[in-house]
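Below, each chain spelled out in residue letters.
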Amino acid sequence: MDFLLFGPPGAGKGTQSQRLVDIYKTPQIATGDLMRAERKSGSALGQEFDKYMSKGELVPDSLVEQLLSNRLKQPDAANGAIFDGFPRTLTQAKRLDEILEGLSRRIQAVVHLEVSLETILERASGRRVCPSCGASYHLHHKPPENTNVCDACGHEGLNQRKDDNEDVVRRRHAEYREKTEPVLSHYRAKGIVVEVDGLGELDQVTQNICNALKKLVGEAL
Ligand code: AP5
């Protein structure tokens with residue numbers, strides 16, 4: 001099954017996608033993670049991504065499409081994927097429809113996680129990530145077992161994301177409201193959007209997403 005986690009920066013898309021990977025045995029495709037990996041590699045493409053990401057602006061559609069279609073060709077995504085942070089523009093949404101149609105697939109559900117700007121700022125300021133394996137934490141809501149040590153790989157030293165400072169978060173949020181939120185209409189017209197409150201305990205939000213998906217797509221899960 002192919003479905004999207006949709007919402008503003010800090011809504012919990014990445015955190016919840018990773019939980020759903022285990023539940024539905026479907027891989028997560030997160031364009032932000034793919035871009036950070038490219039940036040870390042030091043490639044020319046990664047440097048190009050950084051020009052936009054560091055300012056909190058969306059990367060141009062033409063650069064995103066290649067990244068996405070390469071990822072979709074990987075064998076683990078042959079039967080479905082959980083899209084996290086993609087699509088972010090109407091052009092990307094329409095292109096995704098075309099690519100999936102070519103594979104006799106379609107987006108079956110869009111989980112819309114909504115949270116306030118105040119929550120977004122609080123989550124961004126407390127988020128810490130492992131520079132080695134990419135695992136994500138929050139100083140208060142999801143701290144690692146040992147302070148500043150990654151639970152997943154044992155790396156010592158967790159970092160704040162470059163684009164998690166307040167000015168850039170506000171810019172990311174403005175980009176979301178202006179360019180990404182309108183994409184919901186594309187999916188609402190197909191009757192596949194489910195609304196889930198992004199506030200609450202992590203387990204509760206996961207349960208709410210699973211319940212909403214079950215109601216929408218039932219036995220397809
Ligand atoms: P991307 O990496 O996709 O970032 P984002 O969409 O801004 O989302 P975040 O990763 O900040 O938040 P999230 O919703 O995943 O929340 P998370 O689970 O981490 O994109 C970064 C940049 O890349 C963009 O600005 C753009 O430049 C570029 N880009 C990426 N894709 C693109 C595309 N398709 N087109 C163009 N440009 C693109 O949670 C956040 C924090 O909150 C964590 O610390 C977590 O532990 C905590 N938390 C989560 N849920 C809860 C909860 N229920 N209660 C308490 N704390 C919680």
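Enquirer: Any details on the overall build of the chain? Residues and values, ideally.
Expert: Looking only at helices and strands, one finds nine helices and seven strands in the chain. By the compact-globule yardstick of 17 Å for 221 residues, the chain fits well, its C-alpha radius of gyration being 17 Å. Projected onto its principal axes, the C-alpha coordinates of the chain cover approximately 45 × 40 × 35 Å. A burial count over the chain gives 47% of its 221 residues as buried. Residue pairs at least 24 apart in sequence account for 70% of intrachain contacts in the chain once pairs closer than 6 positions are excluded. Surface accessibility of the chain: about 11300 Å² in total, with carbon and sulfur atoms responsible for 48%. Of the side chains in the chain, 30 bear a positive and 32 a negative charge, and the two mean positions are spaced by 2 Å.

Enquirer: Can you lay out the environment of Lys13 for me, pointing to particular residues and giving the numbers?
Expert: Mapping Lys13 onto the fold places it in helix α1 (residues 13–24). The spatial distance from the C-alpha of Lys13 to the C-alpha of Leu158 is 20 Å, given a sequence separation of 145 residues. Those residues in contact with Lys13, other than ones at most four positions away along the chain, are Leu5, Phe6, Gly7, Pro8, Asp84, Gly85 and Leu113. Of the polar contacts made by the side chain of Lys13, one reaches the backbone oxygen of Gly7; its length is 3.2 Å. Of note is the side chain of Lys13, whose polar atom sits 3.0 Å from the backbone oxygen of Pro8.

Enquirer: Account for the site of the ligand, naming residues and giving values.
Expert: The immediate surroundings of the ligand are formed by 32 residues, with Thr15, Glu57, Arg88, Arg127 and Arg172 found nearest. Here an oxygen atom of the ligand sits 2.6 Å away from a polar atom, N or O, in the main chain of Glu57. In this structure, Arg172 approaches the ligand through a side-chain N or O atom, which is 2.5 Å from an oxygen atom. Here the ligand, which alone exposes 1000 Å², has 96% of that area covered by the protein. Residue assignment for the shell around the ligand shows that the elements contributing at least two residues are α1, α2 (31–41) and β6 (136–138). In terms of residue count, α2 provides more of the shell around the ligand than any other element does, four residues in total. Along the lines of polarity and charge, the residues of the shell around the ligand split into 11 nonpolar, 12 polar and nine charged.

The rules behind each value
- Residues numbered from 1 in each chain as written.
- Predicted model: local features only at pLDDT ≥ 70, side-chain atom pairs only at ≥ 80, totals over all residues.
- Heavy atoms only, no water.
- Helix = DSSP H or I, 4+ residues; strand = E, 2+ residues; numbered from the N terminus.
- Rg over C-alpha atoms; globule rule 2.2 N^0.38 Å.
- Buried < 20%, exposed > 50% of the residue type's maximum accessible area, 1.4 Å probe, protein only.
- Contact = heavy atoms within 4.5 Å.
- Areas by Shrake-Rupley, 256 points an atom, 1.4 Å probe, with all protein chains shown as cover.
- Lys, Arg positive; Asp, Glu negative; His and termini not counted.
- Charge placed at Lys NZ, Arg CZ, Asp CG, Glu CD.
- Polar contact = N/O pair within 3.5 Å; in protein donor to acceptor, adjacent residues only side chain to side chain.
- Near = heavy atom within 4 Å.
- Nonpolar A, V, L, I, M, F, W, Y, C, P; charged D, E, K, R; others polar.

From the geometry alone we can't say anything about function, so treat these as descriptive.
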